[in-house]
Structures are given as structure tokens and as C-alpha cells.
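Each chain, letter by letter, is given below.
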Amino acid sequence: MARTCIVCGLAAGSGEHVFPAALGGRRVNSGIYCPKHDNSYSGLVYEIAGQLDFLNAYLGVRPDHSSQPKTAFAEHTLTGETVSISAKEIRFTKPRIISRTPVGEGEAVELSFPDQQSAKQFIKKMEACGHEWAALPKLSARPYITGSVHHKRAFGGACGLGAIAYMTQTFFAQEFPEVARSGALTDFINYTQAIAKVAALGGCEQQTEEREALIEARSALTTALEPFGGTAPAWWDFSPPADARANKFEFGHRVTVGIDGSDGQIYGRVALFSALSFSMRLGTAPQGSATREVTVDIDPLAEHPPHDINKHQVLSAPGRVHVPEHATQGLASAIADGTQQRAFTNLLQRLEEHQLLKLAHAISKALAPCATLSPLEAHALIGKVIDEQPQQIWRLVTCFVEGLKEKWTQGNLQAITPILDGLIAHDVQSASGLSQQAEVTLALAKAALSAQMEEDCAAGLLNEARIAELMGRGPGLHVVGQAVLAPVLEVFGESPRSDEVRG
Ligand SMILES: [Zn+2]
């Protein structure tokens, strides 16, 4: 059936993504917007993709227009330099100078490159510049251990909500094509169009000196919000329906659209990563509209259809929304009582768990031959596999040491906590990012984990679940803790106690 654009009524036909491609949406619909109005929303899509890039990168979501999983950029706390984050790794984006030593008339510079390609590019550039230089015959590939990275993204805001509203509007038009063209959405569409214009002009953040066009767009947005009492008809929702079915996918997004025929309420709900929830009121349906609700779960990790979505329909309106008296009230109280922070923390914990299980699966596969190898061969293989996971093991080490430090501080032992700091000290000037002492700590942790895995393997206990325990949970902390603390406790003439090292 030929469709018209829900904004202008002209022929529709652009191939827009129903759920944004940047967030892993895989479905294209060609009957909701004309090319011009499909394009008009790109500023909003860009904005929400930017706000969620860290989460998408961490999870390994592949945008639909790309062949590679998402990469996000953050600041490395220690050096202030830019690092790129993906599900696979964290790495610097530029070459770094490790050391400079005067040698005769010139100097020897030790550099670290994020990858081989970057090293080649650098050499080319040096040659092109005509610099007199020679490479020293010392080239080695070493993993860099990152400490914390700093990633600042304000999530939500007027544009974030606008993007959520636009997504929901598109889903509604897909599921309720007649009502979407009945004029019932006019005010809502005016609002999404107005906020989209602000986003397109770079107005998602207040500029110091704003262009004429942006000032006009802001004023048009104010006018578009009048029918809603001056606030956006979309809001954070921190008390979504409790009886809702669980999302079909582990990190699935959910969009719910519906009409309650009893009073004509047209409503929408969005839950991103099954964690961040929003509600909105889209308008009032014509009298006599049937009651119906459609819920679509979207798997951002699905590579392609058909198993990327799960659709569910009911002839009732369990998800109808209650418009808050003050739209920001929910958010304000959620920030005050920590609900929003908890929602994020929860999501990050789930992401970490997901990463750990993925890692355990990969390690388990790599170690599968161990069962049939001689002890010596198994020792070599386990050592090699463990050696490839410095970042994860470093995580265990720091988690243990930080936990112990907190305990010591509470027990009024803060005078000796510098000993713990020394164990995990970073050194910006080293190729690995670690101080010499921290290198020793990491080596001890690796050796202890390897030894434990060898023992488990010999006893026939080294399965995927056990590997996850050792690589990221209590048992791993215990093993690593005993190993890294042994030299410290020797100084105090004590032997490690298991209740202490559990952290
Ligand atoms: Zn149009």
C-alpha cells in the first residue's frame, strides 16, 4: 500500500530505520517519512547515538551502517590522553612518548604506538619530513594496562528525550498507520520536529553565542511545547509497570506503543538496555479507536533479521501512562534518592558480567586441549592463555587491593595503606603503564591463577563456570589476593588469612 509521510502528507518512501541504525536497529521501513522529513531527524539520532556510544561500545553493538562494532572515545585519567573503547579492548589513539634520552647531538626517543599501522604511518611521516633519524632495533608488542578512563556523557536532556520521542513516534506510525495519519499526533509531531531542528543546528547544549537560526529554532520549540503546558510530552519513568514481561533479549531495548480506547490515550514507553525507562503521551486517538498495545523487543546484538526482534500484541492497554504533574519531577527525585544512579550501576554490572562470561567461554575453548595434555604441556598452554589477559587480571588485582585498602582504612590502619598503593602504582613513563613493583604484582597474580588452573585442570574441574569464577569473581580474587599479598605479609611476619584476602 502506498503511504504518505506522517509529517507532511506527501509520498513517503525513504528507507529509514524503525529503530536507529546507530543503536543496532536492523529493520528498515519505507512508508513513514518522506526523504526530507526522515533526514530532518538525523540530528536527534546523532545525539542519542553519541549519548549511548560508551554503552554500545562496551557491549559490542555493531551499527547497521558499519561492518565494525562500535568504538567510543574517553579520556585516560592518568595521562589525559584519548583512548578508544570497544568490547575487545581499551587503547590509545595516538603514539605516545615513553622516554627521551640525549645521545650525542640528538636524542633517543622511545615511543609506544597503539598498533602496527600507526607505527608505519609515523615512520612514513618522519621520512617525508626529512628528519635525520634511525630506528633502534628494539620493537616489541606489549599490552598497555589502563587504569581508570574518564567518560563524560550527559544522558537524557531535552535532545535525548526528543530522540526517544521520535523513535516512539516512528514505531507508533508503523503499528497504527491510520491513527498516525488522522491528525491525532499533530502536536506531538510538531514537538519532535521542533526539537529535531534544535538538534540539527547543534543546540543540544547551550552555546555561548547562538546563531540567529538556532535562536529561532528554540523559540519555535517553546511554541511547539505550549499544547503540553510548556514541558516535553516525554519523560524519564522510574516506576515502569511491575508486571511487564521480561525482555526477550539480555540487553534488549523495548518500545511499547498503544491506544487505550476508553479515553483515547495514545501512549508510548521505551526501555533502553532493559534499564533506562521513558514514557510519553502522544495524543488522543479518534473516538471509537480500538484498544490495543504492541511491544517490540529489539536485540542490539543480533547481526541481522529475523531473530533481532520479538513482537507481542495485546488487546488491552496495560502500559498506559500517567502524565506527571511536573515532567522533571520523576527525574529530580530519582537523582535525589539515587534511583537513576542505581539504574546505571546495575546496567554496568550486567555488562561486566556479560563480558566475563564471554571471556570465560573463549578461555575455556582455548584450554580445551588441556585435559589430554601432559602436565608440562598443560602448564605451558595455561600460562600462555593467562598471559594474554593482563587487563582482566589487573582488574582482579586492583579490585582486591582497593577492597583491602578500604578495610584497612576502616580498621585505622591507614598508616600502612601506602604499601598497598605501591603494589598497584601506575607509571605513565613505562611502556606497559605500570610501575616496576606493579609489574611484579601482576606477574605474581598471573602465576597464581595459572597454578590454580593447572591444579583444577588436573582434578578435572576446570570448566567454563570455574574459569569465570577464577577470572572475575570471589575465587579469583582469593587466589590473586593471596599471591600479591604474600610479600607484604612477610614483612609483617604474618601469613595471609583467607578471610582477609576475600576483600
Ligand atoms: Zn514529509
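As the structure is a prediction and not an experimental result, all values here were calculated from the model.

In this structure, the amide linkage connecting P305 to the following residue, P306, adopts the cis form with an omega of 10°. Looking at the secondary structure, you find P306 in the loop between β13 (292–298) and β14 (309–314). Phi is positive for F273, close to 55°, though the residue is something other than glycine. Its location among the elements puts F273 in the loop between β11 (265–272) and β12 (276–284). Among the residues examined, F273 registers a relative accessible area of 1% and is labelled buried. Unusually for a residue other than glycine, S274 sits at a positive phi of about 55°. Looking at where S274 falls in the secondary structure, it is placed in the loop between β11 and β12. You can call S274 partly exposed: its relative accessible area is 33%.

So, on to the packing of aromatic side chains. The final tally for this structure, using the stated rule, is eight aromatic pairs. The structure contains a cluster of three or more aromatic residues connected by ring pairs, namely Y33, Y41 and Y166. Sitting above the plane of the F176 ring, R292 keeps its charged end 4.2 Å from the centroid.

The subject of this paragraph is the packing of helix α10 (residues 339–367) against helix α11 (residues 375–387). At a minimum axis separation of 10 Å, α10 and α11 run at an interaxial angle of 155°. In terms of orientation, α10 lies roughly antiparallel with respect to α11. In this structure, the crossing between α10 and α11 has a hand that is right-handed. Contacts between α10 and α11 involve I363, A366 and L367 from the former and L381, I382 and V385 from the latter. Of the residues contributing to the contact of α10 with α11, the split by class is six nonpolar, no polar and no charged.

Ideal geometry at a metal centre gives angles of 109.5 degrees when four donors are arranged tetrahedrally and 90 or 180 degrees when six donors are arranged octahedrally. The coordination sphere of the zinc ion, as far as protein atoms go, consists of C5 (SG), C8 (SG), C34 (SG) and H37 (ND1), spread over 2.1 to 2.3 Å. Here the zinc ion binds four donor atoms, and the angle range of 97 to 115° at the metal identifies the geometry as tetrahedral. Going along the chain, you hit the donors of the zinc ion in the pattern C-x2-C-x25-C-x2-H. You can see C5 sitting in the segment before β1 (16–17) and its partner H37 sitting in helix α1 (residues 35–40), a full 32 residues away along the chain.

This part covers the side chain of E175. Take E175: it is sitting in helix α5 (residues 157–175). At a separation of 3.1 Å, a polar atom in the side chain of E175 contacts the side chain of K311.

Tallying each qualifying case throughout the model produces one disulfide. In this model C159 forms its disulfide with C204; the gap between the sulfur atoms is 2.2 Å. Across the disulfide from C159 to C204, rotation about the S-S bond amounts to roughly -95°, and the bridge is consequently left-handed. Of this pair, C159 sits in helix α5 while C204 sits in the loop between α7 (186–200) and α8 (212–225), and the two are 45 residues apart along the sequence. On the basis of relative accessibility, which here comes to 27%, the residue C204 falls in the partly exposed class. Among the cysteines around C457, which has no disulfide bond, C370 carries the closest sulfur, lying 4.5 Å off. C457 sits in the buried class, given a relative accessible area of 17%.

So, about the pattern of salt bridges. Under the counting rule described, the total for this entry stands at 15 salt bridges. With its nearest N and O atoms 2.7 Å apart, the salt bridge here joins R320 to D260. Here D260 lies in strand β10 (residues 253–260) and R320 lies in the loop between β14 and α9 (329–336), a separation of 60 residues in the sequence. A salt bridge links E352 to R395; the shortest N-O distance between them is 3.9 Å.

Across the nine residues of β12, seven count as buried, placing the element largely inside the fold. Here three bridges tie strand β9 (residues 234–236) to β12, and the two strands are oriented antiparallel to one another. Directly across from W235, in β12, lies its bridge partner S279. Where β11 lies against β12, eight bridges are found, and the strand directions are antiparallel. Of the residues in β12, the one forming a bridge with I266 is G283.

Further remarks concern the nonpolar core. Core analysis: the largest hydrophobic core is formed by 67 residues, its most contacted members being L44, F172, I266, L272, F278 and M280. Counting residues per element, this core draws most heavily on α5, at ten residues. Each residue touching F172, except ones within four places of it in the same chain, is listed here: P177, V179, A180, L185, V257, G258, I259, I266 and L282. One finds I363, L404, L442 and A448 within the second-largest nonpolar core, a separate group that totals 42 residues.

A few words now on the confidence of the model for the protein chain. Confidence along the protein chain averages 85 in pLDDT terms, with 89% of residues attaining 70 or more. Summarising per-element confidence for the protein chain, the mean pLDDT is lowest in helix α17 (residues 498–501) (46) and highest in α7 (97). Between residues 495–503, whose pLDDT stays under 50, and residues either more than four places distant or in other chains, the model counts 15 contacts.

Let us now look at the side chain of D237. Relative to the assigned elements, D237 resides in the loop between β9 and β10. A polar side-chain atom of D237 sits 2.8 Å from a polar atom in the side chain of R269. Leave out the neighbours within four places in its chain, and D237 touches R269, S277, F278 and S279.

Cut-offs used in this document
- Residues numbered from 1 in each chain as written.
- Predicted model: local features only at pLDDT ≥ 70, side-chain atom pairs only at ≥ 80, totals over all residues.
- Heavy atoms only, no water.
- Helix = DSSP H or I, 4+ residues; strand = E, 2+ residues; numbered from the N terminus.
- Buried < 20%, exposed > 50% of the residue type's maximum accessible area, 1.4 Å probe, protein only.
- Phe/Tyr/Trp six-rings, centres within 6.5 Å; stacked < 30°, edge-to-face > 60°.
- Lys NZ or Arg CZ within 6 Å of the ring centre and 35° of its normal.
- Axes fitted to C-alpha atoms, helices over the stretch in contact; angles between N-to-C directions.
- Parallel < 35°, antiparallel > 145°, perpendicular 65-115°, else oblique.
- Left-handed = near helix turned anticlockwise from the far one by under 90°.
- Contact = heavy atoms within 4.5 Å.
- Nonpolar A, V, L, I, M, F, W, Y, C, P; charged D, E, K, R; others polar.
- Donors = N, O, S within 2.8 Å, 3.2 Å for Na, K, Ca; no water.
- Tetrahedral: all angles 85-135°; square planar, octahedral: opposite > 155°, others 65-115°.
- Polar contact = N/O pair within 3.5 Å; in protein donor to acceptor, adjacent residues only side chain to side chain.
- Disulfide = S-S within 2.5 Å.
- Salt bridge = Lys/Arg side-chain N within 4 Å of Asp/Glu carboxyl O.
- Pairing = 2+ DSSP bridges.
- Core = buried A, V, L, I, M, F, W, Y, C linked by side-chain atoms within 4.5 Å.
- pLDDT = per-residue confidence, 0-100.

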